[in-house]
Amino acid sequence: MNLTKLAIDNNRITVALFIAIIVFGYLSFTTMPRAYDPGFIIRTAQVITHLPGASPERIEELVSSQIEDKVKDIAELDFVTSESRTGISIVNVNIKESYKEMRPIWDDLRRKIEDVQGDLPDGVIGPFVNDEFGDVYGIVLTMTGEGFSFAELEDIADEIKSDLLRLPEASKVEIFGEQEQRVFVEYNNARLAELGISPNQLANILQSRNIVISGGEFTLGQERIALEPSGNFENLEDIGKTIIQINGHSLYLRDIAKVTYGYVDPIESIVHSSGTPALAFAVSMRDGGNNILLGAQVSEALVEFTRTYPYGIEFDVVNFIPKEVDNKVKDFVISLVQAVSIVTAVMLLTLGIRTGLVVSALIPTAILFSLIVMQFFHIGLDQISLAALIIALGMLVDNGIVMSENILVRMEKGEDALAAALGSANEMKIPLLVASLTTSAAFLPIYLAESAVGEFTSALFTVVTITLLCSWILSMTLIPLFCITFLKVKKEANTPLNSSLYNKYGHVLTTFIRHKYLVILATIAMFIGVMNLSQFLPNLFFPPSDRPYFKAIIELPSGTSIDKTQGIVSDLEAYIEDELTKEARQDDGVTNWVSYIGNAGPRFLLSHNPKPNNSNYAAMIINVSDYQVIGELMTSLRRYTFEMHPDVDLKLRLIENGPAVENPVEVRLMSKDKALLFNQVGELKTKMLDIGQLQNISDNWGQRIKKLDIRIDQARALRAGVTSQDIAISLQASLSGMELTEFRQDEDIIPVVLRSNVATEREISKLESLSVYAQSSGKSVPLRQVADINIVWDDAKILRRDGLKTVAVGAQLMGSVTAAEKFDQLMPWLEDMVVQTEGLVRFELGGESESSGDANQSIRDKLGIAGLIILVLLVGQFNSFRKAGIVLATIPLGLIGVILGLLVGQSYFGFMTFLGIVSLAGIVINNAIVLLERIELEIEQGAEHCDAIVHAAKQRARPILLTTATTVLGMLPLYLGGGAMWEPMAIAIMAGLLFSTVMTLLVIPAMYAIFYRVTAPS
C-alpha cells in the first residue's frame, strides 16, 4: 500500500483527519493526567514486630534474624536489612529492580511471615507487614485549635478525614499527630501490697467483668429470641465500680486505684504547624487521578471547613503538590511553545514562506498527534514527558525538512508536483523510517534499564518514539499533500547547489577527501585530547530540585526523650519565627513550616522516606517565598543550631530530583566481628574528617544508651516466693503499664492499662522500693530484696544487612565539592583497610556512588540491545557493514562537542548528561543515514564515486544544517528554563550536535573515502 498516494487521492479525508488530530490533540492535552515527576515503584516493604521490654540483642536474636532467614527464601529478593531496637524489630525487604508487579511478591512475603510466627517467642505483637510503604501523600494540611482540648480536636479531625475521603480524586487520608487514647487504672504500690492483691489478679477480675459474649438464643413460640447479658463497660464510672473481692470483703476498684482517661505515655509523635501544636492531614491521590483536579477539590473542601468549624479552628497548607505540578507543567509547556516558535521561525527564514509554512505545519500537528497516542498509552504530562517532546522537536522536523526539500528539488528539475511528491515519498520512506527507528533505538536502554532512575526517565523513550513515528506518518501523508497544494517553483537550469557557497563547500570537501588519512588521524587525536579533558568535569548524579522548600532533619543522641526533642524543635521554631520569616527579614524568607517530632511524617514526595517512630528524631519541612534564599536561610539555621545545641545532628537538605539519597557520601562497613567493625568505623570517621569539606559525619547506629540491668538473685527470689516472671510482670505493670482489657466508646476501642502511680513520677530512687508481687497469691516484697540494679551501657540499635552487622558512615557535602571527588579520596584508604583486616571487614559504597553507579550500569547493560537493533537497521538499510560502521562512527564525534560544551558552559557530568549523550547518538546517526543514502543514490544514477560523495554532501547539507539549527535552537528554552536538572542534558545535545554536524559534513565523507578507497582528483 502506498500511503502517500492514498493520502493524496483522498485529500479531503486527509484534511478531515488533520483537523481531527488538531481537535482531539487539544482535548487530550486538557484532560491528560498531570504530575511533577513520573514517579517510580517503591520496591520495599517493612515487617514490624514488637516484643515489649526486650533488649536490642534479644530482638536481633529472637525476632529479626528469624524473619530475615525466612525472607531470604523470596526468589525476587535483592537485599534485606533489619533494625533491632529495644522492644521493636523493623525488617526492610528490598526487591530487585527488574520486577515491576509487586502484589504477588508481597502476597508471598505475607505467607512467609505467617509461617515464621510459630518460631517467634511468646509475647510478640505482630509481625505486621506494611507493603504500602511507597504511597505518596502530595497534599498535607494542618489544623490547630486554640482553646480546644486535644479530644475535641481529634473529633473534628475524624470528621475532616471522612469528608476528605469522599473527594472523587482522593485515595487515602492519614492523620499525623494523633495520640492513642488510653484508660489508666493507677494503683498505689503500698495500698496493693497492704491488701495482698497482685496486678495480675486485678487484670483477671476486670477481664471477667468486661464481656461482650452472646448469651445464646431460645425459641419462644414461632420466634427465636437472642440473649445478651450485660457486663461490658459503658463509661469510666462502670470501670471504677468494678467490685473487688479481698479476703471476704468487697471493695470498688475506685477505692484502691484511680481511673482516668488519657493518652499513651510517653507520646510517640507530635506535630507542630509553624510552631503551634497541631494535627496534620496527609491526602494521597487515587491511581490514574489528576493532581490538578485533586488540588481543586481539596481547596474547595478547605474553604468549606473554614466556614463550617468554629472560631479558633485554623487550617494551613504546608505541602501542596498540585500547585507545584501546575507550575512545572506550565513552565514546560511555555518552553515547548517557545521551542515550537523558534523552530517555526527558522523554517520560515531558511526555507521561504511557502516551504517554511508547510514544514512548520508538521510541528504542532505531530505534537498533538503524539498527545493523542500518549493518552492512549496512559502517559501523562510531567517534566520528563514534556522534556522528551522538546528533545524530539528538532528530530521530528527533520522528516518534514528532508521530505519537502526532496520534493522541491525534484520540482525545480522539471517534475510535476504529483510525480515529485510520489517519487520523493518512495525514495525517502525507508531511509526516514530507519532514521526514526535508529533514533528511537538509541533511547531504548533508558526504557529497558532495570533501576528506579531508569523507570523515572523511561518516558524519554516512549514519548520520543511516539513523536518520531507520528512525524514519519505525517511526513508521508500531510507534507506531500501540502507540497502539491502550496509549493510553486520555477523550473531552473541552475540549482542552488551551484551557488558560490555550495561550490566553496565542495572544494573544501574535495580537499578533505584528498587528505583523508590526515583528516582521520587529526580527528582521532582531537578525540583523545578532549576525552582527557573530561577529568576536569565535576560529577553530580542528580542536582537538587528547585522547589521552594527544604528539609531540616534533627537527630539527638539515642535514648533522648521526646519531650527533650520537642523542646529543641520548639527553640528552633522560635528562631525561625523571630529571624527567618518574611516578616522578620522584611524580604524573601520562610512562609510557614511543619515539624514532625518523633518521625519523618508522610511520604509527601516520592523522594522522601518516612521513618519509624523514634523519640530522638524530628523532621521539619520549611516553605520559603523564593528558592534563591534557601542557601542563606540554611546557613543561618545551621549556625544557630551549632551555637545553641551542639549535641544536635542537624542535616539541612534541598529536595532531591529522582530517588532519594540520604547522605551524598556514605560507606557501609560490614563484619561478623563487632569490636573490629567499630574500630574501623572510628578510623573511617577520622579519615572523612581529614579529607575535609564534609560535615555531619555520623554513623547510623547512634550513641550507646544507658540501661538498667535488673539482675535477679534466684535464691533470694525463691525464698521470697516470687518467680522471674512475677518480677517482670510487676515491673511492667508498675512502670510501662499492663493492658488489662478494652473499653468501647462508640466505634473506638480504647485499651485499659494498669500501672503504678510511680510510672508518672519518673524518679529512679523509687525503683528499688517497687513492690514485686507473686501474681498468683498477691504477696509482695520490695524489688531490692530479690534483685540487684545496675546501670550498664548498651547499643541503642543493631543494624544488619543480609545477616551481617552493618554500619553506614555518612556525611553531607560542604560548598561546591562533589560526592565523586570525596569517594575518589576515600577509596585508597578503604582498599587498604580490607587488606589490613584480612577481609574480616569489607565495605560497600553507598550514597550517590551507589545510586549513580546502579543507574548508569543499568543503562549500560542494555546498550548492547540498542546497538544490535541499530546495527540490524543500518545493515538492512544499506546492505553493508562498512556503511553501518561509518554511521556508528559519528557517535564518538559528538562526544568531542559534549565535553567541550560542558567545560565551556561550566556544567557537570551526571545522569542527565549521560541521557543527553544517548539522545545525541540517535540524532547524529540520523544525519549520517540521510547523507549515506544520498551517496548511494548518486552512484546508482551513474555519478563517479568522488563526485557522488561531494554532490550528495552538497544536496544533504541544507537539511542536515536545518535539522541541527532547529534541534539546537529548540533546546534553548530547556537549557534556559529547565533548571539545573536539564541544563547539562541540553548542553550535551546542543554542543554535541553542533560539533558532530560539522564532522558529519566533513569527516564522514573522508571516512567513506577510506572505507571505499575513493581518490579525489588532483
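Residues numbered from 1 in each chain as written. Predicted model: local features only at pLDDT ≥ 70, side-chain atom pairs only at ≥ 80, totals over all residues. Heavy atoms only, no water.

1. A few points about the overall build of the protein chain
In plain terms, the rule: Only runs of H or I of at least four residues qualify as helices and only runs of E of at least two qualify as strands under DSSP, and these elements are numbered from the N terminus. Should any heavy atoms of two residues lie within 4.5 Å, those residues are counted as being in contact. Working definition of accessibility: Shrake-Rupley area with a 1.4 Å probe, residue cover restricted to the visible protein chains. Neither His nor the chain termini are counted; the positive set is Lys and Arg, and the negative set is Asp and Glu. Here the site of a charge means atom NZ of a Lys, CZ of an Arg, CG of an Asp or CD of a Glu.
Counting its regular elements, the protein chain contains 31 helices and 30 strands. Considered along the principal axes of its C-alpha atoms, the protein chain spans approximately 125 × 80 × 65 Å. Sequence separation of 24 or more characterises 79% of the internal contacts of the protein chain that already satisfy a separation of 6 or more. For the protein chain, the exposed area adds up to about 43800 Å²; of that, 54% sits on carbon and sulfur atoms. For the protein chain, the distance from the average position of its 82 positive side-chain charges to the average position of its 117 negative side-chain charges is 7 Å.

2. Section: the domain arrangement of the protein chain
Here is the rule we go by: An automatic or database domain assignment provides the domain bounds reported here.
Its domain assignment divides the protein chain into domain 1 (1–31 + 352–494), domain 2 (43–133), domain 3 (198–255 + 705–795) and domain 4 (500–536 + 880–1017). On a C-alpha basis, the centres of domain 1 and domain 2 stand 52 Å from each other.

3. Digging into the sheet that holds strand β23 (residues 738–745)
Selection rule: Two strands qualify as a pair provided that DSSP identifies no fewer than 2 bridges between them. In this analysis an axis means a line fitted to C-alpha atoms, helices contributing only their contacting stretch, and an angle means the value between N-to-C directions, from 0 to 180 degrees.
Within the open sheet, the four strands sit side by side as β12-β7-β24-β23. Their pairing is mixed. Single-partner strands in this sheet number two, and they are β12 (257–263) and β23. Direction aside, the axes of adjacent strands within the sheet are offset by 25° on average. Examined bridge by bridge, β23 and strand β24 (residues 748–756) share seven bridges and lie antiparallel to one another. Bridge pairing in β24 links Gln745 to Asp748.

4. Examining the pairing of strand β20 (residues 665–671)
Using the following cut-off: Exposed residues in this analysis have more than 50% of their type's maximum accessible area, buried residues have under 20%, and partly exposed residues fall in between, with area computed by a 1.4 Å probe over protein chains only.
Taking burial as the measure, the seven residues of β20 include seven buried ones, the bulk of the element. Of the two faces of β20, the one lined by Val665, Val667, Leu669 and Ser671 and the one lined by Glu666, Arg668 and Met670 are each fully buried. The sheet contact formed by β20 and strand β29 (residues 804–813) spans seven bridges and is antiparallel. Bridge assignment links Leu669 to a residue of β29, and that residue is Val807.

5. Things to note about the pattern of salt bridges
Rules: By salt bridge we mean one thing: a side-chain nitrogen of Lys or Arg within 4 Å of a carboxyl oxygen of Asp or Glu.
A full pass over the atoms with the stated rule returns 38 salt bridges. As a salt-bridge pair, Arg668 and Glu850 come within 2.8 Å of each other at their nearest N and O atoms. With a gap of 182 residues between them, Arg668 in strand β20 and Glu850 in helix α26 (residues 847–878) connect regions that are remote in the sequence. Looking at Glu850, the relative accessible area reads 25%, which means it is partly exposed. Each of Arg410, Glu415, Glu427, Glu933, Arg934, Glu938 and Arg956 takes part in one network of salt bridges that share partners.

6. Thoughts on a nonpolar patch on the surface
Going by this rule: Patch membership is restricted to residues that have no salt bridge and whose relative accessible area is over 30%. Joining uses 9 Å for like charges and 5 Å for the nonpolar side chains Val, Leu, Ile, Met, Phe, Trp and Tyr.
A surface patch of nonpolar side chains, about 640 Å² in accessible area, is lined by Val15, Ile19, Ile22, Val23, Phe24, Tyr26 and Leu27. By relative accessible area, which is 42% here, Leu27 ends up partly exposed.

7. Topic: unusual backbone geometry
Cis rather than trans, the peptide bond between Gly126 and Pro127 has omega equal to 0°. Within the secondary structure, Pro127 sits in strand β4 (residues 125–130). Residue Gln693 is not a glycine yet carries a positive backbone phi of 60°. Considering the arrangement of structural elements, one finds Gln693 in the loop between α22 (674–691) and β21 (694–699). Not every positive phi belongs to a glycine, and Gln906 is a case in point at roughly 55°. In this structure, Gln906 sits in the loop between α28 (890–904) and α29 (911–940).

8. Focus on the packing of aromatic side chains
Definition in use: Ring pairs are drawn from Phe, Tyr and Trp, using the six-membered ring of Trp, whenever the two centres fall within 6.5 Å, and their geometry is named by plane angle: stacked under 30 degrees, edge-to-face over 60, tilted for the rest.
Under the counting rule described, the total for this entry stands at 14 aromatic pairs. Ring plane angle 70° and centroid distance 5.8 Å describe the contact between Phe482 and Phe486, whose orientation is recorded as edge-to-face. You can see Phe482 and its partner Phe486 sitting in helix α16 (residues 459–486), four residues apart, about one turn around the helix. Owing to a relative accessible area of 12%, Phe482 belongs among the buried residues under this scheme. Assessed through its relative accessible area of 41%, Phe486 is described here as partly exposed. Ring centres of Phe678 and Trp701 lie 5.0 Å apart, and the angle between their planes is 80°; on these two criteria the pair is classed as edge-to-face. Here Phe678 is found in helix α22, whereas its partner Trp701 is found in the loop between β21 and β22 (705–712), with 23 residues between them in sequence.

9. Quick word on the packing of helix α3 (residues 56–71) against helix α4 (residues 103–116)
Helix packing for two helices is described by the angle between their axes and how far apart those axes are. To keep it simple, the criterion reads: Each angle gets one of four labels, with under 35 degrees taken as roughly parallel, over 145 as roughly antiparallel, 65 to 115 as roughly perpendicular, and the rest as oblique. In this scheme, a crossing is called left-handed if the near helix is turned counterclockwise away from the far one by less than a right angle; it is called right-handed if the turn is clockwise. Each residue is assigned to one class: nonpolar for Ala, Val, Leu, Ile, Met, Phe, Trp, Tyr, Cys and Pro, charged for Asp, Glu, Lys and Arg, and polar for all the others, Gly among them.
Here α3 crosses α4 at 135°, and the two axes come no closer than 10 Å. Between α3 and α4, the angle falls in the class oblique. The chirality of how α3 crosses α4 is right-handed. The residues of α4 that touch α3, namely those facing Gln66, Ile67, Lys70 and Val71, are Leu109, Lys112, Ile113, Asp115 and Val116. When its residues are assigned to classes, the contact of α3 with α4 shows five nonpolar, one polar and three charged.

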